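Take a look at the letters that make up each chain.
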Amino acid sequence: MTDALLSGLLAGYGIAVPVGAISVLIVTLASRVSLARGLAAALGVATADGLYALLALIGGATLAPLLAPAAGALELAAAAVLVLLAAYGLRATLRTHRADRDPAGPPPPAPASPWRTYASLLGLTLLNPLTVVYFSALVLGGRTGPGSLGPGLVFVLAAFAASASWQALLATGGALLRRVLTGPHGRLLTGLTGNLVVLALALRLALQH
């Protein structure tokens, strides 16, 4: 059980720690909207990682080769979704900044509910089939410990907990940034920077094909 726990924690942090567009989205949501939205996004990402770890445990040897040919198409779909999210975020940032400068103007768009944020980030993270390939390689390599159900479930839960803790740390950092940059210009800067980084990462992902 201890081996499965440590392997799951290492696997979860291994897939979560590298900074990408999803990480930037979580920080941007927490800094631009609220900690609750950032934590909802973090939980959505961690849920996807946990589901992929479970799929790898159940049928990694079968799923990995089946998903590999679709990786390119799904990455392009993920890039398109990221572009749309970045465009929406930039539009919301500019509208909020105009509302700060002109209270009589149109109100800024209402932020999505935590549940909607959770579902959006869950779906977006599930578009990355390489995650199940990653977990499958660990499972097939014997890093979950003995091949019984108990250690396997410990591995999955540990991977989920590791991913969730890292994503929650990103959200908390974003919320602290929001406390520091509370003025209109600070909100404009964080909104533009975060969404432009997401857009750049999406374009880089698309141009890899």
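Residues numbered from 1 in each chain as written. Predicted model: local features only at pLDDT ≥ 70, side-chain atom pairs only at ≥ 80, totals over all residues. Heavy atoms only, no water.

Draft legend 1. Local environment of the side chain of Ser163. Structurally, the position occupied by Ser163 is in helix H7 (residues 149-180). Looking at Ser163, its side chain comes within polar contact range of the side chain of Asp49, at 2.7 Å. When sequence neighbours within four positions are dropped, the list of residues in contact with Ser163 reads Gly12, Ala16, Val45, Ala46 and Asp49. (Helix = DSSP H or I, 4+ residues; strand = E, 2+ residues; numbered from the N terminus. Polar contact = N/O pair within 3.5 Å; in protein donor to acceptor, adjacent residues only side chain to side chain. Contact = heavy atoms within 4.5 Å.)

Draft legend 2. Local environment of the nonpolar core. Membership of the largest hydrophobic core is limited to 10 residues, which are Leu25, Ile26, Ala30, Ala41, Ala42, Val45, Leu121, Leu124, Leu170 and Ala171. Sorting the residues of this core by element identifies helix H2 (21-32), helix H3 (35-67), helix H5 (114-126) and H7 as the ones contributing at least two each. In terms of nonpolar packing, the next biggest core, distinct from the first, is built from 5 residues, Ala11, Phe155, Val156 and Ala159 among them. (Core = buried A, V, L, I, M, F, W, Y, C linked by side-chain atoms within 4.5 Å. Buried < 20%, exposed > 50% of the residue type's maximum accessible area, 1.4 Å probe, protein only.)

Draft legend 3. Molecular detail of H2. With 12 residues, H2 extends 16 Å between its outermost C-alpha atoms, agreeing within 8% with the 16 Å of an ideal straight helix rising 1.5 Å per residue. For H2, the tally of buried residues reaches 9 of 12 residues, placing the bulk of the element in the interior. For H2, the full list of buried residues reads Ala21, Ser23, Val24, Leu25, Ile26, Thr28, Ala30, Ser31 and Arg32. (Expected span 1.5 Å × (residues − 1).)

Don't take any of this as a statement about function, it's just geometry.
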